[in-house]
Each structure stands twice: as structure tokens, then as C-alpha cells.
There are 2 protein chains.
Amino acid sequence: MAELDKLLSVIENPTRRRILEALVREPHYPLQLSKELGISQQAVMKHLKVLEAYGLVRSYREESDLGGPMRKKFYPALNFTIVVDVSPNLFSAELISRRDNVLPEYGRGAERDDDFEENVKALRQKSASIDAQLEELRHQREKLIREKESIMDEANRLMTCMEDYQLRRIMYEFISHPEMELSDIARALSIRDEVVIHALKEWLRSKG
Amino acid sequence: MAELDKLLSVIENPTRRRILEALVREPHYPLQLSKELGISQQAVMKHLKVLEAYGLVRSYREESDLGGPMRKKFYPALNFTIVVDVSPNLFSAELISRRDNVLPEYGRGAERDDDFEENVKALRQKSASIDAQLEELRHQREKLIREKESIMDEANRLMTCMEDYQLRRIMYEFISHPEMELSDIARALSIRDEVVIHALKEWLRSKG
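Residues numbered from 1 in each chain as written. Chains lettered and ligands numbered in written order. Predicted model: local features only at pLDDT ≥ 70, side-chain atom pairs only at ≥ 80, totals over all residues. Heavy atoms only, no water.

Let's shift gears to the interface of chain B and chain A. Between chain B and chain A, the contact holds 97 residues from the first and 97 residues from the second. For the pair chain B and chain A, the summed buried area comes to about 9000 Å², and 62% of that belongs to carbon and sulfur atoms. Looking only at chain B, the three residues that lose the most surface to chain A are Pro88(B), Phe91(B) and Arg124(B), adding up to 8% of its buried area. At the boundary of chain B and chain A, one finds 12 salt bridges. Put simply, Arg17(B) and Asp5(A) hold a salt bridge, and the shortest N to O gap is 2.3 Å. (Contact = heavy atoms within 4.5 Å. Buried area = accessible area lost by both parts, 1.4 Å probe. Salt bridge = Lys/Arg side-chain N within 4 Å of Asp/Glu carboxyl O.)

The structure is reproduced here in C-alpha cells:
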């Protein structure tokens, strides 16, 4: 959760997202970013510092085209996905880290090969096919999220008859996270195992 | 994009996320949240104000259990998903808004029905089935994101032979967003249509 907190706080800034967007295209030095984004170099440096501190970007030194001093180029260095679902009966924020990522090798100067147009065309087609599949998954996921939402809506309505606040919390976790053992629920709610078990048992007995 | 900016800035705060987590279980009044989260009522109020300003929560008035003054209960009022993908060759931040959402009706006091245990069990099973399907979609999506990442890695390598920065930007969009027309690319990059078309044509001619 701490990791998710950090990454969300870094990427919530729109300028930092625009910097990352530029860097995934190719490594940039600060002056380039400043021109590209239309903001001061000072602001660019400030954001790059934050991004670097959290491991989202790294840098290497490269000789200047104009024979000037070496300059620092920045490139993206983390690989993750964050998914946040918010709805009246559902909330989850999830971080998926991809750590096996190999960083691309940088260094300008490849020769244009003869099949360039063909290669671009092929990549574009593959890209289109993946986008279509991602879109399909998105639809499927939306459908499931709506179903889960309506299940938790029903669960919440069912629970209105439970008088004890703590018990409702336990029951919510019990339905919402069916993969959790009672001891997991206890940990998630920072209460002792016995309290969870006792509460559920007592309640079932008193009404059952 | 403005909407995504706002929502990300609201939910990047961990305390606000914890408040939302509590509210999806049931409406809370500020004192309850303060106890539940172990933070001051003042801090709770401050965060609720932000959440309310951005439409993530609303409130209604309810009579106090103890015959005290009416108190304000807060409940979640927006329905959306945010997905952010960050990798060395890929960046996207997407907001999916669900606007057709019907807010649950609040008001304590339902009777416990006889099938309560059965109902809880059934909801828990449905919930487990949906979680399993979501997990499966997550795996499929991870696979696609890795494929897209490697396609864009190849695209970036291919583009190192292009000398013009602007042209590389255009080509990146051309491969990364195959659904985009050239005029969409021009708009996305804030350059004129003619410039995009001219740049691509010139470049293809000079080498082809």
C-alpha cells in the first residue's frame, strides 16, 4: 500500500504525466522537455527530481550535438499499472508492478533499413490488434464491475438489520473479499481474530 | 483530461481513499469516520469538503440515535475507474466514467429476513465468481500490455534513424494509436494537419 501511495502521489501531477508521456517516446534532456511542454526548465528539473526520487525515471549522460558540455538525458524506468475503482458500493485501488522489465538500450544512430515502411506498417497493425483486444477486455471488466457493484449494493441492504457497526464491517469484508480467511479479515480491520470469530458466531446464534 | 486530473488529485490522498473505503460500506457521519480512521474530526471535515467539492461524496441529514441534533451523513456519489499504465515505452492514463449509476437508498432499519444466512452465502459465492473472472481479465490484460510495450520498444528502435524530433513524435503516435487519423495526430500534438502530412510524405519520399 505504501508503494501505491507513493506512485499515486507522483503521477497525480499532470505535468509529471506529460513528462512521462514524452519520455516513453524517447529520452529527453531538460531543455527539450521545457520546450516541448512550454514550461520553465526550473519547473522541469523540479518534476524530474521527484520522478527520479521515486524511481520512475533515470538519467544518463550524452555528448551534446553541438559539441557543448555533456548533457543529462532522462528515460522512464518503472513498469506498473494502477487501477482504481470507485463506486457507491465498491472501492479498490490496486498496484500491479512489473519488475522483470528490461530497459531499452539507448543511443541514437541506427541505419534506416530497407524494410522500414513495411516494419512500420506491421507494427501499426499489431498495435491495432492489441488495442482492439484491450478494448474488449475493458468492456468485459466494466460488466463485471457493475455486477460486483450490484452484489455489494445488495449486501449493504442486507446488512442494515445488523445493529453492531463492527459486525457490519466484518460482514462487508466477508462478502466483498470471499478469498479472505477470517484471520485475514481480522488483520485487514486491525482487530483480533477471536473478536471476529466471536462476533460472527454470536450474531448467527442470536438470530439463526 | 481535466476530469481525470481532478479525480487523480482527489484520490491520490491516502486518507481520502480510506474515507471512501469506509463510505462504500455505509454512510458515515464525521465523528464516526474520525474514530474509525483515528484522525481528528477537523481533518475528516477537511477531506470531506474536498471529496464533496469534486462530487465524490454527498450528504444527507439524519436524526441522531441519542435524540441529539440532526447530523450529516456522507455517502459516495461517483462511479468511475481510473487505469494508469506506465512502462519504459508506454504511458496511458484513462478515466472510465459510469454515469448511469443509481445511488442506493439509505435509511437504517430493515428487518432481518429468515434467509439471511442463505443470502449472505449466495452473495459471497457470486462475489467469489466475479473476483475470479476479474483476476483472469487482469492476467489477459497484463499479457497484452507486455506485448504492446514490446511493440513500442521496437517502434522506438526503428525510429532512431529519423533525424527530426517532430517527425519522431508523429511516427510514435502513428504506431501507438493506429485508430487515429492523421488529423487526430495533428490535434493531439497541437500542430497543423498540413505539417503532419507534409512531414510524413517528405520523409517517405526522401528515403523510399
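So, about a negative patch on the surface. Together, Asp113(A), Asp114(A), Asp115(A) and Glu118(A) make up a negatively charged patch on the protein surface. Inspection of the secondary structure assignment puts Asp115(A) in the loop between strand S4 (90-97) and helix H5 (116-159). (Patch = residues over 30% accessible without salt bridge, like charges linked within 9 Å, V, L, I, M, F, W, Y side chains within 5 Å. Areas by Shrake-Rupley, 256 points an atom, 1.4 Å probe, with all protein chains shown as cover. Lys, Arg positive; Asp, Glu negative; His and termini not counted. Charge placed at Lys NZ, Arg CZ, Asp CG, Glu CD. Helix = DSSP H or I, 4+ residues; strand = E, 2+ residues; numbered from the N terminus.)

Another aspect to go through is the domain arrangement of chain A. Looking at chain A, the domain boundaries give domain 1 (2-102 + 125-137) and domain 2 (161-208). Distance between the C-alpha centres of domain 1 of chain A and domain 2 of chain A: 41 Å. (Domains from an automatic or database assignment.)

Here we come to the side chain of Gln32(A). Relative to the assigned elements, Gln32(A) resides in helix H3 (residues 30-37). With relative accessibility at 17%, the residue Gln32(A) sits in the buried group. Not counting residues within four places of it along the chain, the set of residues in contact with Gln32(A) comprises Glu26(A), Pro27(A), Lys73(A) and Tyr165(B). (Buried < 20%, exposed > 50% of the residue type's maximum accessible area, 1.4 Å probe, protein only.)

As a further point, take the relation of the copies chain B and chain A. Rotating chain B by 180° and translating it 0.0 Å along the rotation axis places it on chain A, where the RMSD comes to 0.0 Å. On the angle and the small slide along the axis, the relation comes out as a two-fold axis. Considering only C-alpha atoms, the part of chain B nearest the rotation axis is Val83(B), at 2.3 Å. A shared binding surface is used by both copies, with 100% of the interface residues of chain B retained as interface residues in chain A. (Least-squares fit on C-alpha atoms with pLDDT ≥ 70 in both.)

Next up on the list: the pattern of salt bridges. Here the structure, examined in full by the defined rule, presents 28 salt bridges over all chains. Glu36(A) is the partner of Arg25(A) in a salt bridge, and the nearest nitrogen-oxygen pair spans 3.5 Å. Linking Arg25(A) in helix H2 (residues 14-25) with Glu36(A) in helix H3, this pair joins segments that are 11 residues apart in sequence. Considered together, Arg25(A) and Glu36(A) belong to a single accessibility category, that of buried residues. Measuring nitrogen to oxygen at the nearest pair gives 3.9 Å for the salt bridge that ties Lys143(B) to Glu147(B). In this pair, Lys143(B) and Glu147(B) are both assigned in helix H5 (residues 116-159), 4 residues apart and thus about one turn of the helix distant. For Lys143(B), a relative accessible area of 56% gives the class exposed. The exposure class assigned to Glu147(B) is partly exposed, which follows from its relative accessible area of 32%.

Take the environment of Ser150(B) next. In this structure, Ser150(B) sits in helix H5. Taking the C-alpha atoms as reference points, Ser150(B) and Ser176(B), separated by 26 residues in sequence, lie 11 Å from one another.

As judged from the 8 bridges shared by strand S3 (residues 80-87) of chain A and S4(A), these two strands associate in the antiparallel manner. Each residue of the ladder has a partner; that of Ser87(A), found in S4(A), is Leu90(A). (Pairing = 2+ DSSP bridges.)

What follows concerns helix H6 (residues 165-176) of chain B. All names here are of chain B. Under the 1.5 Å per step criterion, the end-to-end length of H6 is 16 Å for 12 residues, consistent within 8% with the ideal 16 Å. Buried residues dominate H6, accounting for 10 of its 12 residues. Those residues of H6 that fall on the buried side of the exposure criterion are Leu167, Arg168, Arg169, Ile170, Met171, Tyr172, Glu173, Phe174, Ile175 and Ser176. (Expected span 1.5 Å × (residues − 1).)

For the structure shown, the criterion picks out 2 aromatic pairs over all chains. Here the guanidinium or amino end of Arg124(B) rests over the ring plane of Phe174(A), the centre of that ring lying 3.9 Å away. (Phe/Tyr/Trp six-rings, centres within 6.5 Å; stacked < 30°, edge-to-face > 60°. Lys NZ or Arg CZ within 6 Å of the ring centre and 35° of its normal.)

With their axes 9 Å apart at the nearest point, H5(A) and H5(B) run at an angle of 165° to one another. Considering the angle they form, H5(A) stands roughly antiparallel to H5(B). Considering the relative orientation of H5(A) and H5(B), their crossing is left-handed. In the contact of H5(A) with H5(B), the residues fall into 22 nonpolar, 8 polar and 12 charged. (Axes fitted to C-alpha atoms, helices over the stretch in contact; angles between N-to-C directions. Parallel < 35°, antiparallel > 145°, perpendicular 65-115°, else oblique. Left-handed = near helix turned anticlockwise from the far one by under 90°. Nonpolar A, V, L, I, M, F, W, Y, C, P; charged D, E, K, R; others polar.)

For the rest of this paragraph, the subject is the sheet that holds strand S3 (residues 80-87) of chain B. Read across the open sheet, the 4 strands follow the order S4(A)-S3(A)-S3(B)-S4(B); overall the sheet is antiparallel. Each edge of the open sheet carries a strand with a single partner, namely S4 of chain A together with strand S4 (90-97) of chain B. Strand-to-strand twist across the sheet, computed as the mean angle between neighbouring axes with direction ignored, equals 5°. As defined by bridge partners, S3(A) adjoins S3(B) across 7 bridges and the pair is classed as antiparallel. Looking at S3(B), one finds that Asp85(A) is bridged to Thr81(B).

The next subject is the packing of H5(B) against H6(B). Residues and elements named next belong to chain B. Interhelical geometry of H5 versus H6 gives an angle of 150° and a closest axis separation of 10 Å. In terms of their interaxial angle, H5 and H6 are classed as roughly antiparallel. Crossing handedness for the pair H5 and H6: right-handed. The residues of H6 that touch H5, namely those facing Lys148, Met152, Ala155, Asn156 and Met159, are Arg168, Met171, Tyr172, Ile175 and Ser176. For the contact of H5 with H6, the class distribution of residues is 6 nonpolar, 2 polar and 2 charged.

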